[in-house]
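Below are the chains, spelled out letter by letter.
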Amino acid sequence: MVEVGHFALVLAFALALVQSTVPLVGAKTGDERMMAVAGPVTVAGFAMVALAFAVLTISYARSDFSVANVWENSHSLKPMLYKITGTWGNHEGSMLLWVLILTLFGSLVAIFGANLPASLRATVLAVQGWIGTAFLLFILVTSNPFVRLSPAPIEGQDLNPVLQDIGLAIHPPLLYLGYVGFSVCFSFAVAALIDGRIDASWARWVRPWTLAAWAFLTGGIAMGSYWAYYELGWGGFWFWDPVENASFMPWLAGTALLHSAIVMEKRSALKIWTLLLAILTFSLSLLGTFLVRSGVLTSVHAFATDPSRGIFILCILMVFIGGSLALFALRSSTLTPGGIFHPISREGALVLNNLFLTTATATVLVGTLYPLAVEALWGEKISVGEPFFNLTFGPLMVPLLVLVPFGPLLAWKRGDATAAAQRLMTAFAGAFLAVLVTLLFVDKTAVLAALGVGLSVWLVLGALTDLAFKAGFGSVPFSTMLRRLRGLPRSIYGTALAHLGLGLTTLGIVGVMAFQTENILAMKPGQTAEISGHVLRFEGMQPVQGPNYTETRARFALLGAGGQVSGEIVSSKRFYPVRQMPTTEAGIRTMGLSQLYVSIGDETSDGSLVVRIWWKPLVTLIWGGALAMMLGGAVSLFDRRLRVGAPSKRQRPMPKGAETATP
Amino acid sequence: MNGYAMKRNGAFACLLLFLMAWTGPAFAVLPGEALPDPALEARARALSAELRCMVCQNQSIDLSDAELAHDLRLIVRERLKAGDTDEQVLDYVVSRYGEFVLLKPRLNVRNALLWGTPVLILLAGGLFVVLMAGKRRKTRPETLTSTESAALDEILRR
């Protein structure tokens, strides 16, 4: 059974070799039959990897401990959901998921790319084939999940308890769909360089893939952030951990790519830069894979003790990043620069967006790698943590966020900043009011926080302003405006939703960072604790036996104004005997947009329980805003002109009354 | 047990999921630790957030429940009570544990590139954008040629 998976993986490798070479030769020689090989081979490769993945999943579901990978990461008593998600909760399985998603994207290009020029399609699929070949070889040589054990052990070693959570079912697949989705943009960029031809239609072909990858990555990062928030037990939502940065860098670069591709599509400008960004974004995905997979992050020395995997990925990294950048250096001069524009224009605004996002990416990159460089060069260890990033990344984001509402309101080619500013007066007034309200009614001393609240309101109202004016606000009757609002292209709604989501996330971050309150105390049953106007009474502890853990539950009653019980919060600690590891299950109660967060510690010698309670105002907006961004990406993806699979030749009827919206 | 698998297991230390970095429930500042003076305690918390828990993975002593973090939090508070400035407290901790303990690296020659990157990239990028804009205005005509605009219309119609 397991050997079927292993065999399928070897077959997938062979198919990837064909996919890497034959279509490319066909594209160079103009041989249509050779080019036509690309599609079927890509889809067959995906089928083989999917088979291998299914086999591994079944081994996990059946707790087949004769497979080393299952033995190391599973346990017969584990609930079925975690048995299945455990498939990718380990190095080998997660690399297999990586390749599965890579081949999935390749197949989607093969299926939906029927109307791409034949040579471009063949070249793109060939480049996807190179990536597939490299990573399949990596799995087969250094990380084979199908290695057998003989004799088969009776019981497995269980999965790390922290991973035994619904988060593992959602977070890695979403994250990989984003990470690996950018490989399509990379392949299109390399294909364009090989072809030496690039125009606005290229951007139109690439944009849906960028949007899809970006939306998934947004969701994946947000999900990971919420998971860490509720699972790790101290209520942080972002830690600037190198592994988080590894996923954040492609997101920042991908956001820049998303925006520069609009300029390229609409105005044929920024072509060379967009190509470079497409290459860099996926390079950062590869770098992230290297950083996380090689173990180099824990320590340079940990890397040196078992370097086979690290060196393998490092080679992949050098070949793909170095190769593509060399190709870029060689060929980019053959590309003709595109349209020109006045600095104050939509293009100009998007260039600024790219400038800030690129700088932010570089800052995170240098911050993440600097400790490695210092250790390698000087042999000393330094730390680059949250205080550094708050001081550098934060200030970089502020001007970007201030400028966001202007972008969509400026015309292409030559915009009118004064007119845009006038249109944004309402948004500005709203933001000003928000600052005043925060200062007067919340905290007179929190000037920075009040400005942060104002900035968030500015973003939200700015996004709405854009929609209103695109529908003809102020110049047409209200009924016409509503009709026009319905007729607006979906990409306009996508932009507004994403920018609105950015505002909401900012508001959530400001709310928590500035106004969070905390109460740490030792409680005995019957005692009450007060935090930001909420009163909690500790009801007592009770032991619970889980399927593969023991749990101690602490129950807290939420008391209303008159002392009556208005709700309950349960916070618990679990102990997983197989791995000898404890976990916390924080007690969280959502109240409006805010949350009450209760985490319990050890019992003290006098029998009271150490309890930590946080009031986290507006915290849900952090992830709610990210969801809105993701939704914005999805809405934009289903815009007529951007449907996956690129443009059709069919004439597109203009929606009535949408002239103002279509530049 | 199979020796190969045992060896493999050791290499699992690093998983994609950053959750793996923490091996247990965090429980930081304990009830008895806080200083009675709220201003001093606020400074202690701010300093704690800048100091790394040496035995943890990328965690500040403010957030860590490790014994070492607990000791370090007490040291910080003792120094503050003794009248040290924030800088003196940090110097003291660095003298005992080395610069690794600082989550915000010091601004010195070795770390110049780290702190300089945001400024350098922003300036260089801004300069590049300005230069390119200037160059384009000189060398390129302001309007599209008729064939270009026809091609563009064709693309936009598609």
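Residues numbered from 1 in each chain as written. Chains lettered and ligands numbered in written order. Predicted model: local features only at pLDDT ≥ 70, side-chain atom pairs only at ≥ 80, totals over all residues.

## Observations concerning the nonpolar core
In a soluble, globular protein the nonpolar side chains are often hidden away together inside.
All names here are of chain A.
Thinking step 1. Among the nonpolar cores identified, the biggest contains 211 residues, and Ala 12, Ala 52, Val 99, Cys 185, Phe 188, Ala 189 and Ala 278 are the most heavily contacted of them.
Thinking step 2. Counting residues per element, this core draws most heavily on helix H9 (residues 200-231), which supplies 19 residues.
Thinking step 3. In contact with Ala 278, other than residues within four places in its own chain, are Cys 185, Phe 186, Phe 188, Ala 189, Val 206 and Leu 257.
Thinking step 4. With 16 residues, the next largest nonpolar core counts Leu 536, Phe 538, Ala 554 and Trp 614 among its residues. (Core = buried A, V, L, I, M, F, W, Y, C linked by C-beta atoms within 7 Å. Buried ≥ 20, exposed ≤ 12 C-beta atoms within 10 Å, placed from the backbone. Helix = DSSP H or I, 4+ residues; strand = E, 2+ residues; numbered from the N terminus. Contact = placed C-beta atoms within 7 Å.)

## Quick notes on unusual backbone geometry
Residues and elements named next belong to chain A.
Thinking step 1. A cis amide bond links Ser 150 with the next residue in sequence, Pro 151, at an omega value of -5°.
Thinking step 2. Within the secondary structure, Pro 151 is located in the loop between helix H7 (118-142) and helix H8 (166-195).
Thinking step 3. One non-glycine residue, Asp 158, lies in the positive phi region at around 70°.
Thinking step 4. One can find Asp 158 in the loop between H7 and H8.
Thinking step 5. Backbone geometry places Lys 413, a non-glycine residue, at a positive phi of 70°.
Thinking step 6. Residue class for Lys 413 comes out partly exposed when judged on the 18 C-beta atoms lying within 10 Å of it.

## Description of the packing of helix H10 (residues 242-267) of chain A against helix H11 (residues 271-294) of chain A
All names here are of chain A.
Thinking step 1. Relative orientation of the contacting elements H10 and H11 amounts to 165°, with a least axis distance of 9 Å. It follows that H10 is roughly antiparallel to H11 by the angle criterion. Remark: the crossing between H10 and H11 carries left-handed chirality.
Thinking step 2. Here the contact of H10 with H11 is composed, by residue class, of 17 nonpolar, seven polar and one charged. (Axes fitted to C-alpha atoms, helices over the stretch in contact; angles between N-to-C directions. Parallel < 35°, antiparallel > 145°, perpendicular 65-115°, else oblique. Left-handed = near helix turned anticlockwise from the far one by under 90°. Nonpolar A, V, L, I, M, F, W, Y, C, P; charged D, E, K, R; others polar.)

## Remarks on the packing of helix H6 (residues 91-112) of chain A against H8 of chain A
Residue and element names in this part refer to chain A.
Thinking step 1. Where H6 meets H8, the axes come as close as 9 Å, and the angle between the chain directions of the two elements is 50°. Taken together, H6 and H8 sit at an angle that is classed as oblique. Relative to H8, H6 is oriented so that their crossing is right-handed. When H6 is examined against H8, the residues Ser 94, Leu 97, Trp 98, Ile 101, Leu 102, Phe 105 and Val 109 are found in contact with a partner set consisting of Pro 172, Pro 173, Tyr 176, Leu 177, Val 180, Gly 181, Ser 183 and Val 184.
Thinking step 2. Partitioning the contact of H6 with H8 into residue classes produces twelve nonpolar, three polar and no charged.

## Regarding the sheet that holds strand S4 (residues 550-559) of chain A
Residues and elements named next belong to chain A.
Thinking step 1. Taken in spatial order, the five strands line up as S2-S3-S4-S5-S6 in an open sheet, and their pairing is antiparallel. The open sheet has two edge strands, strand S2 (528-531) and strand S6 (581-585), and neither has a second partner. Adjacent strand axes in the sheet meet at a mean angle of 25°, parallel and antiparallel pairs treated alike.
Thinking step 2. Two elements, S2 and strand S3 (residues 534-545), share four bridges in a ladder whose sense is antiparallel. (Pairing = 2+ DSSP bridges.)

## What about the sheet that holds strand S1 (residues 517-523) of chain A?
Residues and elements named next belong to chain A.
Thinking step 1. Strand order in the open sheet formed by four strands is S1-S9-S8-S7, with antiparallel pairing between adjacent strands. At either end of the open sheet lies a strand with only one pairing partner, and these are S1 and strand S7 (587-591). Taken pair by pair, the neighbouring strands of this sheet meet at an average axis angle of 15°, ignoring direction.
Thinking step 2. Where strand S8 (residues 594-603) and strand S9 (residues 609-616) come together, seven bridges link them in antiparallel fashion. Residue Ile 600 lies in a different strand from S9, and its bridge partner there is Val 611.

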